[in-house]
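Below are the chains, spelled out letter by letter.
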Amino acid sequence: MLTMVVPRLRLVVIFLVSLLVNTLVVRPLPAVELMFDYQSHFSDEQKKQLKTWLEQGKQAVENSIAPIPQQQLKVTLVQQKTRTEVVPWGQIVRGNPDSVKLHVSDRASLYALTNDWTLYHELSHLYLPYLDYPSFWLNEGFATYMQYIVMYQAGLLSRKRFIARVKAGFERGRRKTLTKPGKLNRVSADMWRLRAHKRVYWTGAAYFLEADLALQQRGSRLANVIAAYSDCCRRDNSRGIYLARQLDRLSESKIFSQLFNQYRERIDFPTVTNDQLEKIADYYQAHNG
Ligand SMILES: [Zn+2]
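## Quick word on the overall build of the chain
Then comes step 1: Broken down by element type, the chain carries 13 helices and six strands.
Then comes step 2: Within the chain, the fraction of its 289 residues that count as buried is 36%.
Then comes step 3: Sequence-distant contacts, at least 24 apart, represent 73% of the contacts inside the chain between residues at least 6 apart.

## Considerations on the confidence of the model for the chain
Then comes step 1: On average, residues of the chain score 91 in pLDDT, and 89% of them are at 70 or above.
Then comes step 2: Ignoring residues within four places in sequence, the model shows residues 1-8, a span with pLDDT below 50, making zero contacts including any to other chains.
Then comes step 3: Low confidence marks residues 11-27, where pLDDT is under 50. Its contacts with residues over four positions away, or in another chain, come to zero contacts.

## A closer look at the environment of Arg264
Then comes step 1: Assignment of secondary structure puts Arg264 in the loop between α12 (255-263) and α13 (274-286).
Then comes step 2: Residue classification places Arg264 among the buried positions, given that 21 C-beta atoms sit within 10 Å.
Then comes step 3: With 60 residues separating them along the chain, Arg264 and Gly204 place their C-alpha atoms 9.5 Å apart.
Then comes step 4: In contact with Arg264, not counting residues within four places along its chain, are Leu184 and Asn185.

## Some remarks on the sheet that holds strand β2 (residues 72-80)
Then comes step 1: Pairing is mixed in the open sheet, where four strands are placed in the order β1-β2-β4-β3. Strands with a single pairing partner mark the edges of an open sheet, and in this sheet they are β1 (33-38) and β3 (89-93). Recorded for the sheet is a direction-independent mean angle of 20 degrees between the axes of neighbouring strands.
Then comes step 2: Of the strand pairs in this sheet, β2 and strand β4 (residues 99-105) are connected by six bridges, and their pairing is parallel. Residue pairing in the sheet places Gln80 in a bridge with Ser105 of β4.

## Side note on the packing of helix α11 (residues 240-251) against α12
Then comes step 1: Between α11 and α12, the least distance of the axes is 6 Å, while the angle of their chain directions is 150 degrees. The angle between α11 and α12 places the two elements in the roughly antiparallel class. From α11, Gly240, Ile241, Ala244, Arg245, Leu247, Asp248 and Ser251 reach across to α12, where they touch Ile255, Phe256, Ser257 and Phe260.
Then comes step 2: By residue class, the composition of the contact of α11 with α12 is six nonpolar, three polar and two charged.

## Points about helix α9 (residues 197-217)
Then comes step 1: Taking 1.5 Å as the rise per residue, α9 with 21 residues should run 30 Å; its terminal C-alpha atoms sit 30 Å apart, in good agreement.
Then comes step 2: Extensive coverage of α9 is indicated by the burial of 15 of its 21 residues.
Then comes step 3: Count one or two residues on from α9 and you reach Gly219, which has phi positive near 85 degrees.

## Considering the pairing of β4
Then comes step 1: Of the two faces of β4, only one is covered, namely that formed by Val100, Leu102 and Val104; the face formed by Ser99, Lys101, His103 and Ser105 stays uncovered.
Then comes step 2: Bridge analysis of β3 against β4 gives five bridges, and the strand direction is antiparallel. Each bridged residue has a counterpart across the sheet, and for Gly90 the counterpart in β4 is Leu102.
Then comes step 3: Where β3 folds back onto β4 in an antiparallel hairpin, the turn is made up of five residues.

## Topic: the nonpolar core
Across soluble globular proteins, nonpolar side chains show a tendency to be buried alongside one another.
Then comes step 1: Residues Tyr120, Met146, Tyr148, Phe208 and Ala211 are the most contacted members of the largest nonpolar core, which totals 69 residues.
Then comes step 2: Among the elements that line this core, the one with the most residues is helix α5 (residues 136-153), at twelve residues.
Then comes step 3: Counting contributing residues per domain, this core is built from domain 1 (33-126) and domain 2 (131-286), each supplying no fewer than three.
Then comes step 4: What Phe208 contacts, discounting residues up to four positions off in sequence, is Gly141, Phe142, Tyr145 and Leu222.

## Examining α12
Then comes step 1: Regarding α12, the residues found buried are Ile255, Phe256, Leu259, Phe260 and Tyr263. All buried residues of α12 fall inside an arc of 125 degrees around its axis, so they share one side.
Then comes step 2: Where α12 is buried, its residues contact α7 (184-189), α9 and α11.

## Examining the environment of Ser135
Then comes step 1: If you trace the backbone, Ser135 turns up in the loop between β5 (130-131) and α5.
Then comes step 2: For Ser135, a count of 24 C-beta atoms within 10 Å puts it in the buried group.
Then comes step 3: Along the backbone, Ser135 and Val187 are 52 residues apart, and their C-alpha atoms lie at a distance of 9.9 Å.
Then comes step 4: The residues touching Ser135, leaving out its near neighbours within four places in the chain, are Asn185, Ser188, Arg239 and Gly240.

## Here's the deal with unusual backbone geometry
Then comes step 1: Look at the link from Asn96 to Pro97: it is a cis peptide, with omega at 0 degrees.
Then comes step 2: For Pro97, the location among the structural elements is in the loop between β3 and β4.
Then comes step 3: Here Arg195, not a glycine, exhibits a phi torsion of approximately 55 degrees, which is positive.
Then comes step 4: The residue Arg195 is located in the loop between α8 (191-194) and α9 in this model.
Then comes step 5: Judged by the 12 C-beta atoms lying within 10 Å of it, Arg195 falls in the exposed class.
Then comes step 6: Residues other than glycine seldom take positive phi values, yet Glu252 does so here, at roughly 50 degrees.
Then comes step 7: Examined against the element boundaries, Glu252 turns out to sit in the loop between α11 and α12.

Conventions adopted
- Residues numbered from 1 in each chain as written.
- Predicted model: local features only at pLDDT ≥ 70, side-chain atom pairs only at ≥ 80, totals over all residues.
- Helix = DSSP H or I, 4+ residues; strand = E, 2+ residues; numbered from the N terminus.
- Buried ≥ 20, exposed ≤ 12 C-beta atoms within 10 Å, placed from the backbone.
- Contact = placed C-beta atoms within 7 Å.
- pLDDT = per-residue confidence, 0-100.
- Pairing = 2+ DSSP bridges.
- Axes fitted to C-alpha atoms, helices over the stretch in contact; angles between N-to-C directions.
- Parallel < 35°, antiparallel > 145°, perpendicular 65-115°, else oblique.
- Nonpolar A, V, L, I, M, F, W, Y, C, P; charged D, E, K, R; others polar.
- Expected span 1.5 Å × (residues − 1).
- Core = buried A, V, L, I, M, F, W, Y, C linked by C-beta atoms within 7 Å.
- Domains from an automatic or database assignment.
- Arc of directions from axis to C-beta.

Structure, rendered in structure tokens:
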């Protein structure tokens, strides 16, 4: 009898341990379900096009970063009569869970929508918590840095155009720093009144570019750290310094907090060299999606 019981007991133990391991380690996030809320009259054809755009955009962002860390995502769509812009307005509506609101041109084709950066920017916001206003440059910086990486990895931008777009963004940020001077955290907290978006967005993008390069030198990359963060620690609200410390812990480094301390009170626009841009382009060309 004993000889029968022991192997059975062992099997039960193995089964329970494997259940526990599966729960703790192999815990694939369920795919995010998109819920559409049309706030204007769209034809069936337009709705179909918008759905395709959003599903493809979500896929591109998840390929570059990680599964979107929520089970459902409401997407509110508003039609706007304009010929000049494809997606004239996009925003994250913070809540539990967060949702996305997009204004789209009544004339936009699927091609034009897919080649617009706004969707990739907005969806990238979903990976980080809503931060204190002086640290807002981290929120905007991450979305701004990721928007073109997502497009590049999805094959929507050639290497040349990827570098040109990022370079042009940094140049806009540098110029804006001359007309919107002061410490970055102060300018961030008052960004809307000062109309200092470009300085705040692109200084934050430089922060993440520097962090990503430093991680790549250690054999990791920004997306790995953000994926780990969204799996274990994503909260609705936080403070910039706490976020930086958590990212440090997950990357087993001091990269994020050291750069955070360098950046938060800086009055200049960071120097981003051509060599750094080439390295980023090389890296994402080699690690496609
Ligand atoms: Zn944004």
